[in-house]
Structure formats: C-alpha cells, structure tokens
Amino acid sequence: MSETAPEIRKGLAGVVADTTAISKVNPETNSLLYRGYPVQELAERCSFEEVAWLLWHGELPTSDQLAGLRESERAGRELTPELREVIDRIPTTAHPMDVLRTAVSLVGAQDPHADEATEEASLTKAVRLLAQVPAVVAYDQRRRRGQDLVPPDPELGYAENFLHMTFGQVPEPVVVDAFRVSLILYAEHSFNASTFTARVITSTMADLYSAVVGAIGALKGPLHGGANEAVMHVFEEIGSAENAEAWLEDALASKRKIMGFGHRVYKTGDSRVPTMKAALDRLVEHYDRPDLLELYTRLEAAMGERKNILPNLDYPSGPAYHLMGFDTATFTPLFVASRVVGWTAHVMEQAADNALIRPLSEYDGPDERHLT
Ligand SMILES: CC(=O)SCCNC(=O)CCNC(=O)[C@H](O)C(C)(C)COP(=O)(O)OP(=O)(O)OC[C@H]1O[C@@H](n2cnc3c(N)ncnc32)[C@H](O)[C@@H]1OP(=O)(O)O
Ligand SMILES: O=C([O-])CC(=O)C(=O)O
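Residues numbered from 1 in each chain as written. Chains lettered and ligands numbered in written order. Predicted model: local features only at pLDDT ≥ 70, side-chain atom pairs only at ≥ 80, totals over all residues.

S.K.: So what about the overall build of the protein? Which residues, and what values?
M.R.: Along its length, the protein carries 16 helices and three strands. Each of the three principal axes of the protein carries a C-alpha extent, and together these read 70 × 55 × 45 Å. Sorting the 372 residues of the protein into buried and exposed places 43% on the buried side. Of all intrachain contacts in the protein linking residues separated by at least 6 positions in sequence, the fraction that spans at least 24 positions is 76%. (Helix = DSSP H or I, 4+ residues; strand = E, 2+ residues; numbered from the N terminus. Buried ≥ 20, exposed ≤ 12 C-beta atoms within 10 Å, placed from the backbone. Contact = placed C-beta atoms within 7 Å.)

Here it is, written out as structure tokens:
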C-alpha cells in the first residue's frame, strides 16, 4: 500500500495558520499596517500609549480613553516588595530576559484574577504588564550597575518614565523620541515566533500571563528578539569600520548567521528599518558618534554585496539602544516592553475565536518493534 508523503513546511514557512485583524505585514509592498494604519505614520505622530490602545481595541483612543489608559498605566508602575525581593535574589549572572521572564511569572502569580479570561479582565492584565515590565527592566539594569531603584514618576508619560526609571533622569527630547519610535516599531508583527507562541499557549485556555511568559522565552533567541543584542556584540567584535569587510568574510566562511540581517517574511527589506535608521542617525549626531554610523554603513553594504541580504529592525535598534545608554543585555527586554502589547492583543484575538493549535507531524522513527 503506497502512501503519499504529506507536504512538510519546515519552520511552518509560508503556512497561513489563521486570520488576524491586528497587523498586516506585506512583503510585496514593503509595508506594515497596525489596524490599517501605516506604522511609519504612527511612529511620526503617536505616543506609545496611543498605539497600545489602537492594537488592543482596533481604533485610536479618544482623549478621554487615552487619559484613562494613562492613569491606569501610571497607577500600575510600582514593583511590589515581593517582586523586588525576588529580582534581588536572582544572580546577576542570569540574563535580563531570564529575570524578566521570572518577574512576569510572579506578577501573574500575584494576580488573584489571573485565570479570568473575559476581554475586560485581559485588558486589565495587559495594562498591568505594560506598566510593570519597564519597572522590572529598569530596576534590573540599575541593580547590575550597583545603583538604587528609581521610583516611577507619575508626572511622566510612558517613554519618559521608562528612561527616568532606568537612568535617574529624562534625557534630551531627541533621545526620548528615538526611544518612543523604537517602541512603536517593535510593538506588533503578526504571527512571528513569540506571538505565535503566545497564541499556542492561549489556545489551550491557559491564562494570559502564561502566554506572555512563553512569548518572552521565544523572543530571547538570537534568531528572533535576541538579535538586537547580538548586533551590538557583532559591532564590538568588528571594532571599527575598516575591519567590517574582512570580519564579514571570516564570519560567512565559518557559516555564521549575521545578526540583524534577513527576515522570514521580508525578503526585499524590512518596512520599519528606514524609520529606525532615521532615529539612529539623529542619535549619532546628538552623541557625535560618526564612527558607529560608519561601521553600520560598511557592514550593511558588505552584507548587501556578498549575500544580498538586507537589515531587519534589530540592526538599527541595537546601536540606537547602545547610544541611549542601555546595557547590551537589556536590549531584548526593551523589545519585550514593546511587544507585550502585540502579544496581549493576539491573546485576546485568539481567545475570542479559539481553536486548539495542534499541528500534525510525520513520523520518521524506527518501525514498530517489540521488547524481547
Ligand atoms: C525582530 C526579528 O525577530 S527580525 C529577525 C532577527 N534575527 C536575526 O537578525 C538573526 C539573523 N537572521 C537569520 O538568522 C535569518 O535571516 C532569519 C532566521 C531571521 C530568517 O530566516 P529564514 O527565513 O528561515 O531564512 P533562511 O534561513 O531560509 O535563509 C535563506 C538563506 O539566506 C541565508 N541567510 C539568511 N539570513 C542570514 C544572515 N543573517 N546571515 C547569513 N546568512 C543568512 C541563509 O543561510 C540561507 O542560505 P542558504 O540558502 O545558502 O542556506
Ligand atoms: O516577524 C518576524 O518573524 C519577526 C518579528 O517579530 C519582527 O520582525 O518584528
């Protein structure tokens, strides 16, 4: 009896797993829409809080709705003493993504309504995470530097407060603006690996916090969110611009993946790179670091020439976060702070029209055999 072999799409490449109304990634037109709006327009004109509301609710907020969101976000920023104690007990040898994963897990365990899955309950949890993640990320970087916690400032908006809690002061507007832009660009990207992870977990009817903890794990890897940190390690390895071409030759000869380049969906360029690159250019000028830009440009050109592979969002974001003063290991947690909005929007979308996600596999192990 002959069986036709099923078509296997390794890595689910090209597989359409479901519909979504949250964002549209269009590699043909090189565009990205959040609920219909081009991400570039949102990055130019909106606050991160407005974009969060848009992704969760489908429409931009009215001024009253925005004021309500801002109030809840500001009210939820303090770390509980228990959470602070748990963070303090995690060795600083642990990666900040491990600290954040643990912290989010505790935030969930501290929520007596963790298992409530109405849309209203999920929105409350999403806002809670929006407020708590920056507090964890900022405090973790500070404690690693031997610095004390900086309490949140309820007078400050989300991006300013995040920077204030991390650095003890709000930097110049050009820096705050580049940070805001990066948060908006990172917020959502359809069925990427971490979002899909969150949807798989939600599809079992597990709670929202479990979905986010799983998503953090998926984002950590260098083929996904971990690439923004890895880009900075590449820059450090290369040292200075004149080494870029030789470094690339060696790296390609040893079959290394060059971090910050390539994308599963975009094959002719990532729609968000020009906007983030413009923000990076402004930071380079502000901090007077033409050397960094030269290295960036030479590696990009060499990669284009050798492999015809273009940068993804992590390529300009890594050096931008470096210039802002973040520690390299904090870059992927910054990605979490932003993408948690997209994840939670997908959790709600998945829950509203759920089907257990459970694909099939083709067995290729030993034929049936028996114990002797
Ligand atoms: C925000 C984000 O998560 S964006 C992604 C961030 N990740 C990175 O920057 C890590 C580096 N990039 C990569 O590893 C890949 O480009 C991925 C994982 C992002 C996408 O991978 P895929 O869609 O599976 O592409 P795939 O791996 O099939 O690549 C096709 C070819 O291009 C090569 N290629 C793709 N990206 C790179 C890269 N960054 N460096 C070197 N070669 C690359 C592959 O080796 C492969 O070559 P081959 O056909 O000779 O085997
Ligand atoms: O979409 C993907 O595969 C990776 C991702 O999350 C992004 O590019 O923002």
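On we go from here.
S.K.: I'd like a rundown of helix α11 (residues 227–238), residues and numbers included.
M.R.: Between the first and last C-alpha of α11 there are 16 Å, a value that for 12 residues agrees with the 16 Å anticipated at 1.5 Å per step. For α11, the full list of buried residues reads A227, N228, E229, A230, V231, M232, V234 and F235. Contacts made by the buried residues of α11 are with α14 (290–307), α15 (314–324) and α16 (331–352). Directly beyond the C-terminal end of α11, a positive phi value near 85 degrees is found at G239. (Expected span 1.5 Å × (residues − 1).)

S.K.: Give me the environment of E82: which residues, what numbers.
M.R.: For E82, the position within the fold is in helix α4 (residues 81–89). Residues E82 and V107, 25 residues apart in the sequence, show an inter-C-alpha distance of 9.8 Å.

S.K.: A description of the nonpolar core should follow, citing residues and the corresponding values.
M.R.: L55, L100, I184 and V212 are the most contacted members of the largest nonpolar core, which has 98 residues in total. Counting the residues that make up this core, at least three belong to each of domain 1 (21–218 + 331–352) and domain 2 (227–323). Beyond its immediate chain neighbours, meaning those up to four positions away, V212 contacts V104, L129, A198, V340, W343 and T344. (Core = buried A, V, L, I, M, F, W, Y, C linked by C-beta atoms within 7 Å. Domains from an automatic or database assignment.)

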